[in-house]
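# Inside the fold
So you can see what is in the structure, the chains are spelled out below.
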Amino acid sequence: QLQASGGGLVQAGGSLRLSCAASGRTFSSYAMGWFRQAPGKEREFVAAISWSGGNTYYADSVKGRLTISRDNAKNTVYLQMNSLKPEDTAVYYCAAHPSFNLIRVVTEVDYWGQGTQVTVSS
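Described in the following lines is the structure provided in the data block. Since we're looking at a predicted model, the values are computed, not measured.

The rules we used
The numbers attached to residues start from 1 for each chain and follow its sequence in the written order. For a predicted model such as this one, the threshold for reporting local features is a pLDDT of at least 70, and the threshold for listing and counting side-chain atom pairs is 80 or more; totals across whole chains, interfaces and linings nevertheless cover every residue. As a rule here, side-chain values come from all non-hydrogen atoms in the structure, and water together with hydrogens is ignored. Each helix is a run of DSSP H or I of at least 4 residues and each strand a run of E of at least 2, with the numbering of both proceeding from the N terminus. Whenever two N or O atoms come within 3.5 Å, that pair is a polar contact, provided that in protein one can donate a hydrogen and the other can accept it, and provided that, for residues adjacent in sequence, both atoms are side-chain atoms. When a carboxyl oxygen of Asp or Glu lies within 4 Å of a side-chain nitrogen of Lys or Arg, that pair is called a salt bridge. Between buried and exposed lies partly exposed: a residue is buried under 20% and exposed over 50% of the maximum accessible area for its type, with that area taken using a 1.4 Å probe on protein chains only. When DSSP finds at least two bridges between two strands, those strands are taken to pair. Here an angle of 0 to 180 degrees is reported between the N-to-C directions of two axes, which are lines fitted to C-alpha atoms, with helices fitted over the stretch in contact.

Attention now moves to the environment of Lys 63. The topology assignment puts Lys 63 in the loop between β6 (56–58) and β7 (66–71). Distance in space between the C-alpha atoms of Lys 63 and Ser 15 is 15 Å, their sequence separation being 48 residues. Side chain to side chain, Lys 63 and Asp 60 meet in a polar contact 3.1 Å long.

Evaluated as defined, the whole model comprises 4 salt bridges. Among the salt bridges present, the one from Glu 44 reaches Arg 36, with a minimum N-O distance of 2.7 Å. For Glu 44, a relative accessible area of 36% translates into the label partly exposed. The salt bridge partner of Asp 60 is Lys 63, with a shortest N-O separation of 3.1 Å. Overall, the relative accessible area of 65% leaves Asp 60 in the exposed class.

Pairing in this open sheet of 4 strands is antiparallel, and the strands run β1-β3-β8-β7 from one edge to the other. The sheet terminates laterally at β1 (2–5) and β7, the two strands that pair on one side only. Direction aside, the axes of adjacent strands within the sheet are offset by 15° on average. Of the strand pairs in this sheet, β7 and strand β8 (residues 76–81) are connected by 6 bridges, and their pairing is antiparallel. The residue of β8 that forms the bridge with Arg 70 is Val 77.

This is the structure:
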């Protein structure tokens, strides 16, 4: 129901834009988020956006470099990734939850998309 795309290989300092398209149902009333999981590490929260797009929240490690946005008409959420670092290398997952306050908690997520690989070379 959530299809993530846009990952790839990029050099440090480069940019990527991830997309997460919903199908089968509308998520316009849900908070949406992005998580990532690096090899050997736990899945971690990256960014969240409220259903209206009026509120956003970021992990400290990505503030100022990554920007989350959404287009409810297209049932799609985006993650613009700039100034990428090798430590951003991970599989990125989109997620949905009715609550903006809970979307950042990995154990609370109701819906997960399949991951998209982001690899940043040094």
